Amino acid sequence: MKKIAFLGLVALSFLTACGSDSPSEIVGYKTTMKVASVFNAGKIARGEVIHANFVVENTGDQPLVLSDVSGSCSCTVADWSKEPIAPGEKGFVKANVKTESFSEGPVTRSVTILSNTTPPNTKVVVEATIIK
């Protein structure tokens, strides 16, 4: 039993010694962000690609880390600021939505931003009307 407790302490101390002291990399540091919830592309011809750009502003006092950004379907490909965004600074989320398989009429696709905010998931929406 003493050996198990000793090995557990050694493993725990090893894991904590390998961490970084940078606040942007320490789990648990939360911040806040401001981002427009909707990007309206207006009327788009079927087959065009919608290029939605969202400005992400760090409104908190810790670095903002966008760890993942994903579209709601395979037609939506996202890119985002990979480096931590300093307090008061701005970053980006870009979503490209392919429309070749869409029918005419209104269309909505969502993009989920995973970050060190509470809650950790923020959903933004890309809207358009597909025309001939």
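Higher on the page you've got the structure.
For clarity, every value in this text was computed on a predicted model and none was experimentally measured.

Helix and strand content of the protein: one helix and eight strands. Every one of the 132 residues in the protein was classed for burial, and the buried ones make up 29%. Relative to all contacts within the protein whose residues are 6 or more apart in sequence, the contacts with residues 24 or more apart total 64%. Of the roughly 8400 Å² of accessible surface on the protein, a fraction of 58% belongs to carbon and sulfur atoms.

Once that is clear, we can look at unusual backbone geometry. Look at the link from Thr 118 to Pro 119: it is a cis peptide, with omega at 0°. With respect to the helices and strands, Pro 119 occurs in the loop between strand 7 (105–115) and strand 8 (121–131).

This paragraph deals with the sheet that holds strand 4 (residues 66–71). Strand order across the open sheet formed by four strands is 2-8-7-4, with mixed pairing between neighbours. For this open sheet the edge positions go to strand 2 (38–45) and strand 4, each flanked by a neighbour on one side alone. Going from strand to strand, the sheet's axes swing by 20° on average, the running direction of each strand aside. The pairing of strand 2 with strand 8 spans six bridges and is classified as parallel. Bridge assignment links Ala 45 to a residue of strand 8, and that residue is Ile 131.

It is worth spelling out the sheet that holds strand 5 (residues 76–80) at this point. Reading across from one edge, 1-3-6-5 is the order of the four strands in this open sheet, with antiparallel pairing throughout. Each end of this open sheet is capped by a strand with a single partner; those strands are strand 1 (33–35) and strand 5. In this sheet, adjacent strand axes meet at a mean angle of 20° when their direction is disregarded. As paired elements, strand 1 and strand 3 (residues 49–58) share three bridges and run antiparallel to each other. What sits directly across from Lys 34, in strand 3, is Glu 57.

Below, the discussion takes up the nonpolar core. One finds Phe 54, Val 56, Leu 66, Val 93, Ile 113 and Val 126 to be the most contacted residues of the largest nonpolar core, which totals 24 residues. Broken down by secondary-structure element, the contributors of at least two residues to this core are strand 1, strand 3, strand 4, strand 6 (90–98), strand 7 and strand 8. Setting aside anything within four residues of it in sequence, one finds Phe 54 in contact with Val 35, Ala 36, Val 38, Phe 39, Gly 91, Phe 92, Val 93, Val 124, Val 125 and Val 126.

Let us look at the environment of Met 33. In this structure, Met 33 sits in strand 1. Excluding anything up to four places from it in sequence, Met 33 contacts Val 56, Glu 57, Thr 59, Leu 64, Leu 66, Ile 113, Ser 115, Thr 117 and Thr 122.

Another point: the packing of aromatic side chains. Two descriptors summarise a pair of aromatic rings, namely the distance from one centre to the other and the angle between the planes of the rings. For the structure shown, the criterion picks out one aromatic pair. Taking the ring centre of Trp 80 as reference, the NZ or CZ of Lys 82 above it sits at 3.9 Å. The side chain of Lys 94 reaches across the aromatic face of Phe 92, ending 5.2 Å from its centre.

Cut-offs applied
- Residues numbered from 1 in each chain as written.
- Predicted model: local features only at pLDDT ≥ 70, side-chain atom pairs only at ≥ 80, totals over all residues.
- Heavy atoms only, no water.
- Helix = DSSP H or I, 4+ residues; strand = E, 2+ residues; numbered from the N terminus.
- Buried < 20%, exposed > 50% of the residue type's maximum accessible area, 1.4 Å probe, protein only.
- Contact = heavy atoms within 4.5 Å.
- Areas by Shrake-Rupley, 256 points an atom, 1.4 Å probe, with all protein chains shown as cover.
- Pairing = 2+ DSSP bridges.
- Axes fitted to C-alpha atoms, helices over the stretch in contact; angles between N-to-C directions.
- Core = buried A, V, L, I, M, F, W, Y, C linked by side-chain atoms within 4.5 Å.
- Phe/Tyr/Trp six-rings, centres within 6.5 Å; stacked < 30°, edge-to-face > 60°.
- Lys NZ or Arg CZ within 6 Å of the ring centre and 35° of its normal.

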